[in-house]
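This is what each chain is made of:
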Amino acid sequence: MKFNQNYIFIVLVSSVYLLCSSCDKLVEIDPPFDTITTQQVFFGTDDDADAAVRGIYSKLADKSSPRFANGAISLLGGLSADEIELNVSWNDNDRISIHRNLTNPDNGFVRSTFWTDPYAYFYQINSCLEQLPNSSQLSPAKREQFIAEAKFLRALCYFYLINLYGDVPFIESTDWQKTSTAHRTSSETIYQTVIQDLIDAKDVLPSDFSAYQNERVRATSWAAQALLARIYLYKKDWQNAALEASALISSGNFDLCNDPDDVFLANSSESILQWAYRGDIFPYNVIPEGAMWVNGIGWSVPPYYLGPSVLNSFEAGDQRKVNWVLTTEFDGVEYHVPYKYKYGYAEMIPNLEPPQYTVVLRLAEQYLILAEANAELGELLNAITNLNIIRLRAGLSPVSASLTKEQLLDAVMQERKIEYFAEWGHRWFDLKRSGSIDEIMPSASAAKGGSWESFKQLFPIPRAEIQMNPNLTQNPGYQ
């Protein structure tokens, strides 16, 4: 499809504006027409409550622009790490400062995208959790399912909040008098709460996608299990991480796609959870991640492109580079763009549903979780087996069976770096949890025109939030 550069520019500017909007504007966006607000439900049918829960998913998957749960963590996490470079002529000072690790408490993304967005979701989630138990007209099975879905979505959002900010307020109420003065809750306490929520949800959520018209767009028991495995890994609970990942893999409900190009298709066999995009709100075939990465191709320096740390890590013949990286040229210079999602504004066609959905959880991560946990437990041959499954899918030769534990853990981190580039901030979080961030980031920050100090691995608490809530404290190192 031939595209009009002026049209692309207008759409891109609109997207940037929405991403930078104030918290009031974010909260006041009307709900999708196929859902209803929580204030209207739980006095009628199962369908009413189902619509309210679908409304939470719609917020998380908002198509208007990259937001907290539909692309912003991929972008801003990648910019923070040694992963994504940016073209300053396309970008504002807030993104530039994040890229250079010079973020301050007044940064618009730190407040509106990473803080206001999830706390707006929590209001809707907590409204469901407060009202569902008292909705006597609902069938018991559906009531329990909806409660479990809400708890899963809250756990997912808190996982990212913890890893972005550290200790944050854990909000379980819609009472503004309580929430407006909430103290920060320790990350460990939040993890304990969401782990129990996920354990409970795993026993209640559907075990397949038939309840969701066979689309992989809402939480099943397997989504709860996948998130549990990840959280256990982050907490260095290797035994439980291995148990959860192994059970999910052996369930037979998911299969690695033979072709890496199929991984991000709607309802791919590898997807444990995706965000759905249909033609109800934004009737085009693009999704936020694609529109974010695939811009300016051929007529400008792309706004975002892969840095040398990622590009130099690909082995010869890696099919992920072939399928997931787009090479473009401008003024004689080559740029390499994340291409897991293929459809940007140049490919935008009205009234056509997108062939891809945003992948939230997928099977490949579980193999890598199992490989890392087994290596930490000293089960090296099992770790090597699971690592090689991912490598073979990428067209690479297996790693040697003679690797030491340390070499194997390095190999797992290398594989995560490649498998999960430009995806949900995995590289940024892996650098932190592995303890390698202070080794990697000083030179990476300097190369980006910034500087590094260890405290920067957590974002600052937004200054505006501290000014409104006297019980909030700032992360160390920030003024």
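Residues numbered from 1 in each chain as written. Predicted model: local features only at pLDDT ≥ 70, side-chain atom pairs only at ≥ 80, totals over all residues. Heavy atoms only, no water.

(A) Geometry of the pairing of strand β4 (residues 325-330). Pairing of β4 with strand β5 (residues 333-338) involves 6 bridges; the strand directions are antiparallel. Bridge pairing links L326 to V337 in β5. Linkage of β4 to β5, two consecutive antiparallel strands, is achieved through a turn of 2 residues, within which D331 is found at a positive phi near 55°. (Pairing = 2+ DSSP bridges. Helix = DSSP H or I, 4+ residues; strand = E, 2+ residues; numbered from the N terminus.)

(B) Quick peek at unusual backbone geometry. For N214, which is not glycine, the phi dihedral falls at a positive 60°. For N214, the location among the structural elements is in the loop between α9 (187-202) and α10 (221-234). Accessibility expressed as a relative area gives 56% for N214, which makes it exposed. (Buried < 20%, exposed > 50% of the residue type's maximum accessible area, 1.4 Å probe, protein only.)

(C) Region of the structure containing the side chain of N475. Inspection of the secondary structure assignment puts N475 in the segment after α20 (463-468). What makes N475 buried here is its relative accessible area of 5%. From its side chain, N475 meets the backbone oxygen of Y165 in a polar contact 3.0 Å long. At 2.6 Å, the side chain of N475 forms a polar contact with the side chain of R184. Contacts of N475, omitting those with residues within four sequence positions, involve Y165, R184, L458, F459, P460 and I461. (Polar contact = N/O pair within 3.5 Å; in protein donor to acceptor, adjacent residues only side chain to side chain. Contact = heavy atoms within 4.5 Å.)

(D) Structural detail: the nonpolar core. One finds F68, F114, F152, Y158, Y165, W275 and W293 to be the most contacted residues of the largest nonpolar core, which totals 138 residues. Sort the elements by how many residues they give to this core and helix α7 (residues 140-165) lands first, with 16 residues. Sequence-distant contacts of Y158, defined by excluding residues within four places in its chain, comprise Y119, F122, V168, P169, F170, I171, I190 and V194. (Core = buried A, V, L, I, M, F, W, Y, C linked by side-chain atoms within 4.5 Å.)

(E) Broad picture of helix α4 (residues 68-80). Spanning 13 residues, α4 covers only 15 Å between terminal C-alpha atoms, well under the ideal 18 Å at 1.5 Å per step. When you tally the buried positions in α4, you get 13 out of 13 residues, the bulk of the element. (Expected span 1.5 Å × (residues − 1).)

(F) Fine view of the environment of L86. Here L86 shows up in strand β1 (residues 84-86). Sequence separation between L86 and H99 is 13 residues; the distance between their C-alpha atoms is 7.7 Å. Non-local contacts of L86, meaning those with residues more than four positions away in its chain, are made with L79, N91, R95, I96, H99, P303, Y304 and Y305.

(G) Summary view of helix α15 (residues 363-376). Taking 1.5 Å per residue as the helical rise, α15 with its 14 residues ought to reach 20 Å, and the 20 Å between its terminal C-alpha atoms agrees with that figure. Extensive coverage of α15 is indicated by the burial of 13 of its 14 residues.

(H) Layout of the packing of aromatic side chains. Per the stated rule, a full pass over the model turns up 24 aromatic pairs. Between F209 and F254, the ring centres sit 6.3 Å apart and the planes meet at 85°, which makes this aromatic pair edge-to-face. Taken together, the residues F209 in the loop between α9 and α10 and F254 in the loop between α11 (238-250) and β2 (271-275) connect sequence positions 45 residues apart. Residue classification places F209 among the buried residues on the basis of a relative accessible area of 9%. Three or more aromatic residues joined by ring pairs make a cluster, and in this case those are W115, Y119, F122, Y158, Y165 and F170. The lysine or arginine in question, K340, covers the ring of F421, its NZ or CZ lying 4.4 Å from the ring centre. Here R362 stacks its cationic end above the ring of Y420, 4.4 Å away from the centre of that ring. (Phe/Tyr/Trp six-rings, centres within 6.5 Å; stacked < 30°, edge-to-face > 60°. Lys NZ or Arg CZ within 6 Å of the ring centre and 35° of its normal.)

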